[in-house]
Amino acid sequence: MQWDPERDTIYALSSGGLPSGVAVVRLSGPRVRFVVETLCGAVPEARRTSLRRLRDPVDGSVLDEALVIVFEGPASFTGEDAAEFHLHGGRAVVAAVLRVLETFDGVAAAEPGAFARRAFEAGRLDLTEVEGLGDLVQAETEAQRRQALRQMGGELGALYDHWRATLVRCRAMIEAELDFADEDDVPGTVSDSIWDDVIRIRDEITNHLEDNRRGERLRSGLQVVLLGPPNAGKSSLMNALAQRDVAIVTEEAGTTRDLIEVHLDLAGFPVTLVDTAGLRGEGAGRVEREGIRRALERAKTADLVLWLQDAREPTRSDVPVALGQQGVWRIATKWDLYDGSARTDEIPSSVEVIGGLDGLLDELGRFASETIGHAEAPVLTRARHREGLRRCLDGLGRSLEGEARGLELRAEDLRLATDGLSRIVGKTDVEDLLDVIFRDFCIGK
Ligand SMILES: Nc1nc2c(ncn2[C@@H]2O[C@H](COP(=O)(O)OP(=O)(O)OP(=O)(O)O)[C@@H](O)[C@H]2O)c(=O)[nH]1
Ligand SMILES: [K+]
Ligand SMILES: [Mg+2]
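Just so it is clear, the model here is predicted, and its values are computed rather than measured.

Student: Is there a simple way to explain unusual backbone geometry in this structure?
Tutor: Trans is the common state for peptide bonds, and a negative phi is the common state for residues other than glycine. Here the amide bond leading from leucine 18 into proline 19 is cis, since omega sits at 0°, within 30 degrees of zero. One can find proline 19 in the loop between strand S1 (9–13) and strand S2 (20–28). Each neighbour pair has its own omega, and for glycine 73 with proline 74 the value is 0°, a cis peptide bond. As for its position among the elements, proline 74 is in the loop between strand S4 (62–71) and strand S5 (82–89). Residue asparagine 231 is not a glycine yet carries a positive backbone phi of 65°. With respect to the secondary-structure elements, asparagine 231 resides in the loop between strand S7 (222–227) and helix H9 (234–242).

Structural data, given as structure tokens:
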């Protein structure tokens, strides 16, 4: 049985932590059929779930009774022969099977993302679909799951492929005109007809990019930072929203130093809530000053800052102007201690009494829904998508402004523009990207 010594057959436990009811060991590669035959005695019919005794080839002892499924390449996830052993999910069972697999020549434990990488290399997935698959496995909220499924389903890749194919056709029309410039059977206006398409795609991409980063925010979670003077009640609010004691609360000013994060699921949207050190100048020691620096740093990149201040001392401190463009909600705390003495107009007018914790949670859920929302059209979900689209726009811009540059150079601009899109879906020079993208996958994916 010859196999490609250059190409290992890979295997991995793909079903996560043990012990478990069932443990799925996946294999993919040119030696799958040989391995299955050696362990099971015969290769079951493809795509039929068969109950088989797996035996150790050395002494014939039974390793486990398992369901075995064999897939014949190219009709498989990885595009090559593949198989799954659905074992009893005991640690010793899985260890015994993996130990035996390791003994086969040309068979090796899979790297993280190795199966998805083979699916990509076999053209079964484009790079955006691979990323959608990765996001689906990582999804923590309903909205993240929906977005990942759509991307894994090919929606985003199809949009970019549509733009790419149109630009390739436009460039072909220019090349045709250039090739047959001296013949009059290619109407001189042929290239003129393409610029409307180029303009349309430029506008569609511009529109696609102006998405308030909703796709990226949904992936990374909305960043909400609690900020304010010491003892404003930041950590108390953090613990209340997180419904557990994540941060230390004391009456001593300067309790919190480090940034403390909790991940919340608000109305199906991921929100990262960050507690921070109380902002003060004098009286802060070295550690606290570093905490304050980190607090301001983190607040600058937040999607929303909750600025807390004690309702009894509303004017004592104010939101530092050094913050970015994000929204700032002012929240007056410790109303239970508020005896009405401070003039009510001192309470910053922007504070609506949000009706306590539930009201705040509802407001945050609404904010998340408005900011991330349910996008109808496909949304980009990574910085590298944005970068590729910007490269494309630059090329389109140059090709459209470049009347005087002549058709040849304008065709070159379109090629560069098309490359920007090709790189996003993984059709050109993405070697440098692949290690980064697949490294974040789990083993066995
Ligand atoms: N009465 C009352 N006390 C509160 C309230 N919120 C917080 N506290 C108390 O105020 C003190 C400070 O609360 P923290 O949550 O530690 O305040 P903080 O803003 O995190 O303080 P630093 O971490 O030092 O910046 C603690 O003793 C809390 O129990 C409130 O709404 N009412
Ligand atoms: K405190
Ligand atoms: Mg605190």
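Student: Please explain the packing of helix H12 (residues 383–401) against helix H13 (residues 406–425) as it appears in this structure.
Tutor: In helix packing, the relevant descriptors are the interaxial angle and the interaxial distance, both defined with respect to the helix axes. Their axes nearest at 8 Å, the elements H12 and H13 cross at an angle of 170°. Taken together, the axes of H12 and H13 lie roughly antiparallel to each other. As H12 runs across H13, the sense of the crossing is left-handed. Where H12 approaches H13, its residues Arg384, His385, Gly388, Leu389, Arg391, Cys392, Gly395, Leu396, Arg398, Ser399 and Leu400 are matched on the opposing element by Arg410, Asp413, Leu414, Leu416, Ala417, Asp419, Gly420, Leu421, Arg423 and Ile424. When its residues are assigned to classes, the contact of H12 with H13 shows 9 nonpolar, 5 polar and 7 charged.

Student: Any chance you could explain the coordination of the potassium ion (ligand 2) here in plain terms?
Tutor: Put simply, the ideal angle at a metal is 109.5 degrees for four donors in tetrahedral geometry and 90 or 180 degrees for six donors in octahedral geometry. Coordination of the potassium ion (ligand 2) by the protein comes from Asn231 (OD1), Thr250 (O), Glu252 (O) and Thr255 (OG1), over a distance range of 2.5 to 2.9 Å. The sequence motif formed by the donor residues of the potassium ion (ligand 2) is N-x18-T-x1-E-x2-T. Here the potassium ion (ligand 2) and the magnesium ion (ligand 3) are spaced 5.0 Å apart. Of this pair, asparagine 231 sits in the loop between S7 and H9 while glutamate 252 sits in the loop between H9 and strand S8 (260–266), and the two are 21 residues apart along the sequence. Relative accessible area serves as the criterion here: at 53%, glutamate 252 is assigned to the exposed category.

Thresholds, definitions, all that
- Residues numbered from 1 in each chain as written.
- Chains lettered and ligands numbered in written order.
- Predicted model: local features only at pLDDT ≥ 70, side-chain atom pairs only at ≥ 80, totals over all residues.
- Heavy atoms only, no water.
- Helix = DSSP H or I, 4+ residues; strand = E, 2+ residues; numbered from the N terminus.
- Axes fitted to C-alpha atoms, helices over the stretch in contact; angles between N-to-C directions.
- Parallel < 35°, antiparallel > 145°, perpendicular 65-115°, else oblique.
- Left-handed = near helix turned anticlockwise from the far one by under 90°.
- Contact = heavy atoms within 4.5 Å.
- Nonpolar A, V, L, I, M, F, W, Y, C, P; charged D, E, K, R; others polar.
- Donors = N, O, S within 2.8 Å, 3.2 Å for Na, K, Ca; no water.
- Buried < 20%, exposed > 50% of the residue type's maximum accessible area, 1.4 Å probe, protein only.

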